[in-house]
Each structure stands twice: as C-alpha cells, then as structure tokens.
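# Chain and residue survey
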Amino acid sequence: MPRLKKIVDSYMQKVSGLKEHCDRCLRTERWGGSVVLMVVDAAFTSIGLNYFTAVVPKVEEFSRKFVETERIRSLKDLAKADMDELRKVWRNRRSWKIAKEIASYLSTVSEDDKTALRTWAKSAKLEDWRDDPIGRIKGVGLVTFQYLRMMGGVDTVMPDKIVKRVINEILKKTGYKPVNDDIEFIKRTEELALACGYRPIELCWMIWLIQPEGKLMRIEKYSKILSKI
C-alpha cells in the first residue's frame, strides 16, 4: 500500500485546486448551482465528444439562450421544452431525449431542483442502477448515472475509459490485478482512494484533468473554465 500511495500522490501533485472543484461538485454547485445545466451537461457528455471543446461551449450557449433569458427556469420547464427549439443549440436528438427524461423524473422527486437531484443521488443504488428510474432511461449508461450521482453529492467515481485505464495502470504498477467489471471497478477505486487518503471523486477528477491536450494538461489549458463549472 505505501507504494500505491506514493504513485497516487505523484499524480495528485500535478493538480492544483482539485479540492475546491470537487467540493463544488459535491455541494451540487457546478454551473452556478443550476441543476438544469448539470443535467444538460450530463446528457451532452453521454455521447462521448470532447468535454471542454464540444460540451462546455454548448452548455454555455444553452444557458445564454434558455436559462439566463428565463425561458427555462427549472427541470419541469426543461422536461416540457420544445425539441426543435433545443436542437438549435445542440443538434443531437438523443442527448435532448436523455436530458428531458431525466428532468421529467427528477421534477417528480421535489419541487426544488437541487433537493430533487440530491434526494435521488442519495437513494440511488449502484448495484441496482439498471432498475433505477434514471438508469432505465435509454441512453443513460453507468458512466452518466455515476456522473449525475457525483453532482448530486455522492463521493464516488465514474467508470469511463480514461479513468479505468489510468487506475488499472496504477494497480498493475503496484502488483495488483486490473479490474474490468464496471461495478467492481467503482468499488475498488473507492477503496483505493480512501486507503491513499483521498476522496474517490478527487481521484476521478484528477485523472480527467491531467490528460494531455496538445502540449498542456487539461487543468492548465482550461484553468479559466474550471472555476465556472
């Protein structure tokens, strides 16, 4: 375990401001605390385009056109929003179907959007994710499910391919077996983070932020955006 901690520490040292970003996520305060924008972010991210160059600018455009103008003020409004109007910002129909269905379900949990997301996230069970009202939505995979739980205040990780690759590399370097099953991977990564003195969410965000884009790591390239999201 000391060797494992040493390797994880060496990664963590590359990322400044990580705690603040993770705290904001766990307090459901990303995107200025707008749960509508968090749901739209998760729905756009689900189709696998580059987060910083494709998803973030489009979430910002959606915010300018719909949220800041108060055309969409709540999850209930998003659930009822006109698909053709929404597609003027982001053409992918599947993303909007995901966003609208998530919004539709969450708006039945509580009148208050933040309470709705946090209530759902707290009660959602990882092992039963496929039977969950949000997990059952077509297009919502385990990665999106976990992403929403994180934004709803749950300290966990997403089993996306980058996170899995880096964590499994760390495990192999320290003589442990890599984990391929997604549910087992999440549990193993949570254990690994806590054993090394970090929160699982910090390990997850760290891996995204140290990825290179061009000559810089994401945390360097997109430092000005990070404080907003």
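First things first, this report covers the structure right here in the doc. Predicted model only: the values in this text are computed from it and were never measured.

### As for unusual backbone geometry
Comment: phi is negative for the bulk of residues other than glycine, and the bulk of peptide bonds are trans. Phi at W31 is positive, roughly 50°, even though this residue is not glycine. Summarising the element assignment, W31 is placed in the loop between α2 (18–26) and α3 (35–45). If you check the backbone angles, E70 has positive phi at about 65° while not being a glycine. With respect to the helices and strands, E70 occurs in the loop between α4 (51–67) and α5 (75–80). For E70, a relative accessible area of 52% translates into the label exposed.

### Some remarks on the pattern of salt bridges
Tallied over the full model, the rule gives 19 salt bridges. R30 is the salt-bridge partner of D41, the closest N and O atoms lying 3.8 Å from each other. Residue D41 is located in helix α3, and its partner R30 is located in the loop between α2 and α3; the two are separated by 11 residues in the primary sequence. Neither residue differs from the other here; D41 and R30 are each classed as buried.

### Some thoughts on the packing of α3 against helix α7 (residues 93–109)
Between α3 and α7, whose axes approach to 8 Å, the crossing angle comes to 145°. For the crossing formed where α3 meets α7, the hand is right-handed. Between α3 and α7, the contacting residues are V39, V40, A43 and F44 on the first element and S95, W96, I98, A99, I102 and L106 on the second. In terms of residue class, the contact of α3 with α7 is built from nine nonpolar, one polar and no charged.

### So, the side chain of D113
Within the fold, D113 resides in helix α8 (residues 113–123). In this structure, D113 is buried with no salt-bridge partner, the nearest side chain bearing the opposite charge being K76 at 8.2 Å. Dropping the residues within four chain positions of it, D113 is found in contact with V35, V36, R73, S74 and L75.

### A look at a positive patch on the surface
Residues R3, K6, K14 and K173 make up a contiguous surface patch of positive charge. Structurally, R3 is set in helix α1 (residues 2–12).

Cut-offs used in this document
- Residues numbered from 1 in each chain as written.
- Predicted model: local features only at pLDDT ≥ 70, side-chain atom pairs only at ≥ 80, totals over all residues.
- Heavy atoms only, no water.
- Helix = DSSP H or I, 4+ residues; strand = E, 2+ residues; numbered from the N terminus.
- Buried < 20%, exposed > 50% of the residue type's maximum accessible area, 1.4 Å probe, protein only.
- Salt bridge = Lys/Arg side-chain N within 4 Å of Asp/Glu carboxyl O.
- Axes fitted to C-alpha atoms, helices over the stretch in contact; angles between N-to-C directions.
- Left-handed = near helix turned anticlockwise from the far one by under 90°.
- Contact = heavy atoms within 4.5 Å.
- Nonpolar A, V, L, I, M, F, W, Y, C, P; charged D, E, K, R; others polar.
- Lys, Arg positive; Asp, Glu negative; His and termini not counted.
- Patch = residues over 30% accessible without salt bridge, like charges linked within 9 Å, V, L, I, M, F, W, Y side chains within 5 Å.
- Areas by Shrake-Rupley, 256 points an atom, 1.4 Å probe, with all protein chains shown as cover.
- Charge placed at Lys NZ, Arg CZ, Asp CG, Glu CD.

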